[in-house]
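Remarks on the overall topology
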Amino acid sequence: MMDPKPEPVFLSFLVLCFISVLILVNVEADYVRPPPRKDLHFPWSLKPSSHPQQVHISLAGDNHMRITWITDDKSAPSLVEYGTSPGRYTSVAQGESTSYDYMLYSSGTIHHTVIGPLEHGTVYFYRCGGDGEEFQLKTPPAQFPITFAVAGDLGQTGWTKSTLEHIDQCKYDVHLLPGDLSYANYVQRRWDTFGELVQPLASARPWMVTEGNHEKEYIPFIKDGFQSYNARWKMPYEESGSSSNLYYSFEVSGIHLIMLGSYTDYDEYSDQYRWLKADLSKVDRKKTPWLVVLFHVPWYNSNKAHQGEGDQMMAAMEPLLYAASVDLVFAGHVHAYERSKRVNNGRSDRCGAVHITIGDGGNGEGLAHKYKNPQPEWSEFREASFGHGELKMVNSTHAFWSWHRNDDDEPVRSDQIWITSLVSSGCVAEKGYELRKMLLAP
Ligand SMILES: [Fe+2]
């Protein structure tokens, strides 16, 4: 008589084989990208109504910094005390405040106070409204090298937290954000929790942002677009001769940076285009050898997500940016990472810009996995993972760009490249006449 026990053993063997096959198949298949993480939970904290909340800073013209914070107390003063030693405030600046209503929501008082002139590369200690804790910030250096952290489409999920933790570990001077900040999506309280989430980083280094579609919050016949964004994230548009917070420029340590708006008029008769020409005519490549542009919707995108959405803006503005010898363009919107070769008019071009899509900051919509195949000739690296970038401008001729996945330790670079400036490659000089012609055209 046969032993009845072999049957379960045989079954176990079959199950083991099946699992092994599954594992093998999985290894063979493409690496499965991580799913989105849940929105973070922000516990309610009871603080005095005059307590400064959601503190963030931004560059505001030569040697100045704008300090922004919110209080529940409508009569809290918009003053900032600051100095270079903890607790010893040798200067005081007075600012202005605003607030807004959005359907049933009323914002706190939003204070904007510009401090300065400040020394370069210096740590300042500051306190907002004469109340609450002391913060510290570091001003950017006067000269190269300078490092930018770059992350777009942030949101406020577990992945956002992971991105911010990674950025916090790298040594950087200025944060660049090419649109889609809070993903509040009309729920105004979510703007407040986003401000709370980014405060530890954004109160210490300037955050220079431009708007994405999630900043619009437009309601036909009821609400104009960008109301909360403009009230909370005031950028140095007045300082750069722009009439709108939706596009502006600034200069820092040998770099001229232009922040454009993908969701405001950009054709050649628009205010934005006129301002862009005026701004480009002021750029002195001897003083600022690098020219960098940011906007939300990418022009060079081989991901299946948001295909063609940037085409109209590209048709309107790329000839001007090409003539101006823009070195680098950063965009977001597509929740993945992609880096192009130097490119213009759809083809690689030694005098074109390097386009980088970095919309993988961590929002709750998840990653954009599907790419067009074959990979276009101009596309050099593409991957759908959450992460951030670091741009180190080493000197007037060389910059080092690296991309860091959240799944890896921060120092691991999943993509990296040395970029040579268009000043040093001769393109700026070659195209000087073409640029002057375009800038002088009515
Ligand atoms: Fe977007």
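Residues numbered from 1 in each chain as written. Predicted model: local features only at pLDDT ≥ 70, side-chain atom pairs only at ≥ 80, totals over all residues.

Observations regarding the overall build of the protein
We count it as follows: Segments assigned H or I by DSSP are reported as helices when at least four residues long, segments assigned E as strands when at least two residues long, and all are numbered from the N terminus. Radius of gyration means the value over C-alpha atoms here, while the globule rule gives 2.2 Å times the residue count to the 0.38 power. Exposed residues have 12 or fewer other C-beta atoms within 10 Å of their own C-beta, buried residues have 20 or more, and residues in between are partly exposed; the C-beta atoms are placed from the backbone. The contact rule is simple: place each C-beta atom from the backbone, and if two of them lie within 7 Å, those residues are in contact.
Regarding its fold elements, the protein presents eight helices and 24 strands. For the protein, the C-alpha radius of gyration of 24 Å lies close to 22 Å, the compact-globule estimate for 442 residues. Its C-alpha atoms give the protein principal-axis dimensions of about 95 × 60 × 50 Å. Within the protein, the proportion of its 442 residues that are buried is 44%. Summarising the internal contacts of the protein: among those between residues at least 6 apart in sequence, 70% fall at separations of at least 24.

Quick notes on the nonpolar core
Applied cut-off: Any set of buried Ala, Val, Leu, Ile, Met, Phe, Trp, Tyr and Cys residues joined through C-beta atoms within 7 Å is what this text calls a nonpolar core. These domain limits were set by an automatic method or by a database of domain assignments.
With 97 residues, the main nonpolar core has Ile-67, Val-150, Leu-176, Met-208, Met-259, Val-293 and Phe-330 as its most contacted residues. Per-element tally for this core: the top contributor is helix α6 (residues 311–323), with six residues. Two domains each donate at least three residues to this core, and these are domain 1 (51–139) and domain 2 (142–440). With residues up to four places along the chain from it excluded, the contact list for Val-293 reads Ile-258, Leu-260, Leu-321, Val-326 and Val-329.

What to know about the confidence of the model for the protein
Heads up, the condition is: Residue-level confidence of the predictor, termed pLDDT, takes values from 0 up to 100.
Residues at a pLDDT of 70 or more form 92% of the protein, whose mean pLDDT is 92. Segment residues 1–6 is flagged for pLDDT under 50; beyond a separation of four residues in sequence, or across chains, it makes zero contacts in the model. Note that pLDDT drops below 50 for residues 9–31; the model gives that stretch zero contacts with residues more than four away or on any other chain.

Describing the pairing of strand β15 (residues 255–259)
Worth spelling out the cut-off: Pairing between strands is defined by DSSP: at least two bridges between the two strands are required.
Across the five residues that make up β15, a large majority, five, are buried. Residues Ile-255, Leu-257 and Met-259 line one face of β15 and the alternating positions His-256 and Ile-258 line the opposite face, and both faces are buried. Sheet analysis places strand β14 (residues 248–252) next to β15, joined by five bridges and oriented antiparallel. Counted as the bridge partner of Ser-249 is Ile-258 from β15. Hairpin geometry of β14 and β15 is characterised by an intervening segment of two residues between the two adjacent antiparallel strands and by a positive phi of about 45° at Ser-253. Pairing of β15 with strand β16 (residues 290–294), which is carried by five bridges, proceeds in the parallel orientation. Residue pairing across strands places His-256 opposite Leu-291, the latter belonging to β16.

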